[in-house]
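One-letter residues, chain by chain:
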Amino acid sequence: MSRPEWVTSRAGEIEEIFARYPRKKSAIMPLLHLAQEVRGHIADEDVAAIAELLSTTPSYVESVCSFYSLFHREPVGKYVITVCGNISCGLSGAEELTRYLERKLGIKAGETTPDGLITLLVTGECIAACDGAPALQVNLEYCGNVDQERADAIIEAIRKGEDPKAIADRFAISPKKAG
């Protein structure tokens, strides 16, 4: 297996990452983030390269990578919408929101739109946005109190190519309107 290009092109950044930690092995999460940032997901060759950089085994790197839902082992869309499916969001309509997004995007949770733009995910783990339930993230940027109207506006912003941070700023968690 060949070494991925990012190991050479981002060598300076890798050294900066190592400099932050007393033990090289502690740099595993930032290295996984770096690999995913470059490729959009973490390929087998990235796992092997990180293992080599850390002087550990690919199985150790894979175990860390697979533990965290924010790491993707398969290609994902340019925008990843992650709906929180935990208890607070679940009780506030996350399942209905997910079904709505599936219909709106024409895909099921876990899939990517045919144009490669949007991947829809649902996590059973809390995303720590209970005060804005149901909440979701667009590329890890929080959007809260997401109903169908807000979901439509978020998708429209994505299709216009807006930055995920700008989208999150517009759809930040705020108190629900009395209704």
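Since the model is a prediction, treat every value here as computed from it, not as a measurement.

## Comments concerning the packing of aromatic side chains
Think of a pair of aromatic rings as described by two things: how far the centres are apart, and how the planes are tilted against each other in angle. A complete count under the given rule lists two aromatic pairs for this structure. Measuring from centroid to centroid gives 4.9 Å for Phe-67 and Tyr-68, while their planes differ by 85 degrees, and the two rings are edge-to-face. Looking at Phe-67, the relative accessible area reads 63%, which means it is exposed. Between Tyr-68 and Phe-71, the aromatic rings sit 6.3 Å apart at their centres with planes inclined by 90 degrees, giving edge-to-face as the arrangement. For Tyr-68, a relative accessible area of 32% translates into the label partly exposed. Through pairs of rings, three or more aromatic residues link up here, namely Phe-67, Tyr-68 and Phe-71. One residue, Lys-24, lies across the ring of Phe-18, its end atom 4.9 Å from the ring centre. Sitting over the face of the ring of Tyr-60, Lys-25 holds its NZ or CZ atom 4.3 Å from the ring centroid.

## Looking at the state of the cysteines
In this structure the tally under the stated criterion is zero disulfides. No disulfide involves Cys-89; its nearest neighbouring cysteine sulfur is the one of Cys-84, lying 3.7 Å away.

## Section: the domain arrangement of the protein chain
For the protein chain, the assigned domains read domain 1 (6-65) and domain 2 (79-170). The gap between the C-alpha centroids of domain 1 and domain 2 is 28 Å.

Each value, and the rule that gives it
Residues numbered from 1 in each chain as written. Predicted model: local features only at pLDDT ≥ 70, side-chain atom pairs only at ≥ 80, totals over all residues. Heavy atoms only, no water. Phe/Tyr/Trp six-rings, centres within 6.5 Å; stacked < 30°, edge-to-face > 60°. Buried < 20%, exposed > 50% of the residue type's maximum accessible area, 1.4 Å probe, protein only. Lys NZ or Arg CZ within 6 Å of the ring centre and 35° of its normal. Disulfide = S-S within 2.5 Å. Domains from an automatic or database assignment.

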